[in-house]
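Next come the chains, spelled out residue by residue.
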Amino acid sequence: DPQELELATASQRKLRRFIVIDEVVDKLYGSKVREYFEENNVQHKILALPTTEETKSMDLVLNILHEVQSFSLDRRTEPIIAIGGGVCLDIVGLAASLYRRRTPYIRVPTTLLSYVDASVGAKNGVNFLQCKNKLGGYTPPVASFLDRSFIQSIPRRHISNGLGEILKMALMKHKGLFDLLKSHGKYLLDTKFQSYNGFADHRDAALQTTRIAIETMLEELAPNLWEDDLDRLVDFGHLISPELEMRVLPSLMHGEAVNVDMAFMTYVAHARGLLDAGEKEQILQCMRGLELPVWHSGCSWALIQRALRERLKHSGGQPRMPLPTGLGVADIFNDTSEETLERAYKLWVKD
């Protein structure tokens, strides 16, 4: 708000910021963050917390809110800043939405997954009763600051984890992005999404890949920010994965669980005749090239049935199943029979 900005900058009061940072990120970058606020003469409080799927709870939200209250935040001019992966951004977003009914917050994603996924959209939340993101709301940040240099310090498996969500958008909406992942996947893993001069054949694949992934995500989310329309292509890979991810914690990361779901749904699409054998194999080869799991022993037929029943409860009594109908094109289906699903599952397990 320009008027609030003018008030804040015209005021003689010292600028103040409350920052929540993931404790691992704090060890790597905390000194630079503190130096930044000190150099700019900003009074600040930095709260370093363990933000993992196992700690993603209302207890952590209340912990943050106790500290915010002690800091005596002015919600008109002092946004909370969240620096970390998707779990950190989700927790802080929920805390900010609750404090004085809504306090502005800023997202600074530090993992590839949060860079292309959690940084975009309005959702925030925490796990509850062993259900993923069962408590939450829709409160978009006032800004997301995207800096790929954070990604260079995360492990290779975390890069692969983020590639799962990028591949989701490629399969649903963008053949060009799928081709980028096929041809540059190993390079992106090796270089951890950093941009280097002198690699002409790769044409800054990191910038292209992340930009297209975010743009396609925004195309899907922006017209339907509060999910009034339940037919969502971005739900691809998210029908079975919430149940699977929570059941096998911590053996699968979020993007890995999503990819296991996408691999099964690729077999479903093939069983329905939406993908030919060559297209199915191209998708699976791309997944393997991105070092993503294409199967997990925890994804039993019983779990799939349970997850799809849960899906019906929250999607207006329809499965609303996004499936690829080619490479980079997709549609939503409500008529996949149990027999087709079981046939796809048996072939998937056999392969």
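Remember, it's a predicted structure, so these values are computed and weren't measured experimentally.

Enquirer: Is there a simple way to think about the packing of aromatic side chains in this case?
Expert: How two aromatic rings sit relative to each other is given by the distance of their centres and the angle of their planes. Taken as a whole and assessed by the stated rule, the structure comprises 7 aromatic pairs. Ring geometry for Phe264 versus Tyr345: centroids 6.3 Å apart, planes at 75 degrees, classification edge-to-face. Placement of Phe264 in helix H10 (residues 254-271) and of Tyr345 in helix H13 (residues 338-350) is noted, with a sequence separation of 81 residues between them. Residue Tyr345 is classed as buried on the basis of its relative accessible area, which comes to 14%. Seen in terms of ring centroids, Trp301 and Tyr345 are 5.7 Å apart; in terms of plane orientation they differ by 40 degrees. Their pairing is tilted. With Trp301 in helix H12 (residues 301-314) and Tyr345 in helix H13, the pair connects residues that are 44 residues apart, well separated along the chain. Within the aromatic cluster, the residues linked to one another by ring pairs are Phe264, Trp301, Tyr345 and Trp348. Looking at Arg16, its charged tip hangs above the ring of Phe71, at a distance of 4.1 Å from the centre.

Enquirer: So what exactly am I meant to see when it comes to the domain arrangement of the chain here?
Expert: By a widespread convention, an interface's size corresponds to the accessible area lost as its parts come together. Each domain of the chain was delimited in the assignment, giving domain 1 (14-152) and domain 2 (155-225 + 233-350). With 21 residues of domain 1 at the contact, the number on the domain 2 side is 28 residues. Counting each side, the surface lost to burial between domain 1 and domain 2 is near 2,100 Å², with a carbon and sulfur contribution of 69%. At the boundary of domain 1 and domain 2, one finds 2 salt bridges. Here Lys134 and Glu310 are joined by a salt bridge, their closest N and O atoms 3.8 Å apart. Mapped by element, the contributors of at least two residues to the side of domain 1 that touches domain 2 are helix H5 (112-118) and strand S6 (131-138). Take the side of domain 1 that touches domain 2: its biggest share by element is 5 residues, from H5. Of the residues assigned to the side of domain 1 that touches domain 2, the class counts are 10 nonpolar, 5 polar and 6 charged.

Enquirer: Honestly, the sheet that holds strand S7 (residues 143-144) in this entry has me stumped. Any pointers?
Expert: In any sheet, the strands associate via hydrogen bonds between backbone groups, in a parallel or an antiparallel arrangement. On the basis of which strands lie adjacent, the open sheet formed by 5 strands has the order S2-S1-S3-S4-S7 and parallel pairing. Each of the sheet's edge strands pairs with one partner strand only, and the pair in question is strand S2 (43-49) and S7. In this structure, strand S1 (residues 16-22) lies alongside strand S3 (residues 80-84), joined through 4 bridges in parallel fashion. When the bridges of S3 are listed, Ile21 appears paired with Ile83. Strands S1, S2 and S3 of the sheet are contacted by helix H2 (residues 23-39), whose axis makes an angle of about 160 degrees with S1. In the packing of helix H3 (residues 58-71) onto the sheet, the strands contacted are S1, S2 and S3, and the crossing angle to S2 comes to about 165 degrees.

Enquirer: Would you mind going over helix H11 (residues 277-289) with me for this structure?
Expert: Note on helix geometry: an α-helix contains 3.6 residues per turn, so any two residues three or four positions apart are oriented the same way. Its 13 residues place the ends of H11 18 Å apart at the C-alpha level, agreeing with the 18 Å of an ideal helix rising 1.5 Å per residue. The elements touched by buried residues of H11 are helix H6 (156-173), helix H7 (175-191) and H10. In this structure Asp276 caps H11, since a side-chain oxygen of it lies 3.0 Å from the backbone nitrogen of Gly278. The first or second residue beyond H11 is Glu291, which carries a positive phi of 60 degrees.

Enquirer: Whenever I open this one, the pairing of strand S9 (residues 330-333) confuses me. Can you help?
Expert: On a regular strand, each side chain points to the face opposite its neighbour's, so the side chains alternate between the two faces of the sheet. As paired strands, strand S8 (residues 321-324) and S9 are joined by 4 bridges and run antiparallel to one another. Within S9, the position partnered with Pro322 by the bridge is Ile332. Hairpin connection from S8 to S9: 5 residues lie between these consecutive antiparallel strands, with Gly328 at a positive phi of about 90 degrees.

Enquirer: Is there a simple way to explain the environment of Thr266 in this structure?
Expert: Summarising the element assignment, Thr266 is placed in helix H10. For Thr266, a relative accessible area of 0% puts it in the buried group. If we ignore the near neighbours within four places in the chain, the residues touching Thr266 are Leu275, Lys280, Ile283 and Met287.

Enquirer: How should I be thinking about the pattern of salt bridges in this particular structure?
Expert: Side chains that carry opposite charge are capable of pairing whenever their charged atoms lie near each other. Across all of its chains, the model carries 29 salt bridges by this definition. A salt bridge links Arg76 to Asp74, with the nearest nitrogen and oxygen atoms 3.2 Å apart. In this structure Arg76 comes out as exposed when scored by relative accessible area, which is 55%. Its salt-bridge partner being Arg232, residue Glu227 comes within 3.2 Å of it at the nearest N-O pair. Taken individually, Glu227 and Arg232 each receive the classification buried, so the pair is uniform in this respect.

Enquirer: Looking at this model, I keep getting lost on unusual backbone geometry. Mind explaining?
Expert: Keep in mind that most residues, glycine aside, have a negative phi and that most peptide bonds are trans. The omega torsion of the bond from Leu249 to Pro250 falls at 0 degrees, within 30 degrees of zero and hence cis. One non-glycine residue, Arg101, adopts positive backbone phi at about 70 degrees. Following the sequence through the fold, Arg101 ends up in the loop between helix H4 (86-98) and strand S4 (105-109). The exposure class of Arg101 is exposed, given its relative accessible area of 77%. With phi around 45 degrees, Arg320 is a residue other than glycine that occupies positive phi space. Relative to the helices and strands, Arg320 resides in the loop between H12 and S8.

Each value, and the rule that gives it
- Residues numbered from 1 in each chain as written.
- Predicted model: local features only at pLDDT ≥ 70, side-chain atom pairs only at ≥ 80, totals over all residues.
- Heavy atoms only, no water.
- Phe/Tyr/Trp six-rings, centres within 6.5 Å; stacked < 30°, edge-to-face > 60°.
- Helix = DSSP H or I, 4+ residues; strand = E, 2+ residues; numbered from the N terminus.
- Buried < 20%, exposed > 50% of the residue type's maximum accessible area, 1.4 Å probe, protein only.
- Lys NZ or Arg CZ within 6 Å of the ring centre and 35° of its normal.
- Domains from an automatic or database assignment.
- Contact = heavy atoms within 4.5 Å.
- Buried area = accessible area lost by both parts, 1.4 Å probe.
- Salt bridge = Lys/Arg side-chain N within 4 Å of Asp/Glu carboxyl O.
- Nonpolar A, V, L, I, M, F, W, Y, C, P; charged D, E, K, R; others polar.
- Pairing = 2+ DSSP bridges.
- Axes fitted to C-alpha atoms, helices over the stretch in contact; angles between N-to-C directions.
- Expected span 1.5 Å × (residues − 1).
- Polar contact = N/O pair within 3.5 Å; in protein donor to acceptor, adjacent residues only side chain to side chain.

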